[in-house]
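Chain and residue survey
Okay, here's what each chain looks like letter by letter:
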Amino acid sequence: MTIRRVVSHVALAVCAAAAVIAAASPATAQPGANRAAFTITSSAFAQGGTIPIVHECTSARPPDARKKNESPPLSWSGAPAGAQSYAIIMRDLSNNNLLHWIIYDIPVSTTSLPQNVAHLYQPPVPPGSRQIYYRGSASLWGYQGPCSPSSINTYEFRVHALNRATLTELNENSSIRTAAQVIANASLGSARITALS
């Protein structure tokens, strides 16, 4: 047998052995490979759409009865493994990322917010959640809707999956910027939706 034929037979044998090993070994799945992506949606508007006027702030002059400053309904799914609670942060991306709303300590069993979450430090829905006091064009607990009468701005709603069930270092005196940083530090991952107003 020539050297070339010996090498050929050895190569075939190695390939066959590799094929047998590959067939016998289960495939190693990448972490989260079969997991749905973390997403957030709203029944009030589509990604990149327009936020309905009912969700706009009420501080405009002259007053507009259609503007109710009601938070929009939001739903999310596909949170990272290990999530113990959720927080939502709303920002005006067109105005230096101005913070408009933070709600946190949302129970991990909750995957949606209804329209018009109560303007309270501890709203009844969702139970256990807390909101930061908004100090700006309005002074209130929780949601402050779009207030851009002379421009069309882009607003972001971002849900964070958190590594703790409650953010004990935050309370009714915490600033909105402090809360945003605490949430970022505890975040396991986030999902966002943006819309115009």
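Heads up: the structure comes first, above all this text.
Here is a short report on the structure shown in this document.

Calculation rules
- Residues numbered from 1 in each chain as written.
- Predicted model: local features only at pLDDT ≥ 70, side-chain atom pairs only at ≥ 80, totals over all residues.
- Heavy atoms only, no water.
- Helix = DSSP H or I, 4+ residues; strand = E, 2+ residues; numbered from the N terminus.
- Contact = heavy atoms within 4.5 Å.
- Polar contact = N/O pair within 3.5 Å; in protein donor to acceptor, adjacent residues only side chain to side chain.
- Buried < 20%, exposed > 50% of the residue type's maximum accessible area, 1.4 Å probe, protein only.
- Pairing = 2+ DSSP bridges.

**Side note on the environment of Gln-115**
Looking at the secondary structure, you find Gln-115 in the loop between β5 (112–113) and β6 (130–131). Sequence spacing of Gln-115 and Ala-44 is 71 residues, and the spatial spacing of their C-alpha atoms is 8.9 Å. Discounting chain neighbours no more than four positions away, the residues touching Gln-115 are Val-54, His-55, Glu-70, Ser-71, Pro-72 and Pro-73. Within the structure, Gln-115 has its side chain in polar contact with the side chain of Glu-70 (distance 2.7 Å).

**Topic: unusual backbone geometry**
The peptide bond linking Val-125 to Pro-126 adopts the cis configuration, its omega dihedral lying at -5°. The residue Pro-126 is located in the loop between β5 and β6 in this model. Phi angles above zero are rare outside glycine, and Asn-96 is one such case at about 55°. For Asn-96, the location among the structural elements is in the loop between β3 (85–92) and β4 (98–107).

**Considering the pairing of β3**
Among the eight residues of β3, seven are classified as buried, and the element is accordingly described as predominantly covered. Pairing of β3 with β4, which is carried by seven bridges, proceeds in the antiparallel orientation. Along β4, the bridge assignment pairs Asp-92 with Leu-98. Hairpin remark: β3 followed by β4, antiparallel, with five residues in the connecting loop; positive phi at Asn-96, about 55°. Here eight bridges tie β3 to strand β9 (residues 154–162), and the two strands are oriented antiparallel to one another. In the sheet register, Ile-88 faces β9, and the bridge partner there is Val-159.

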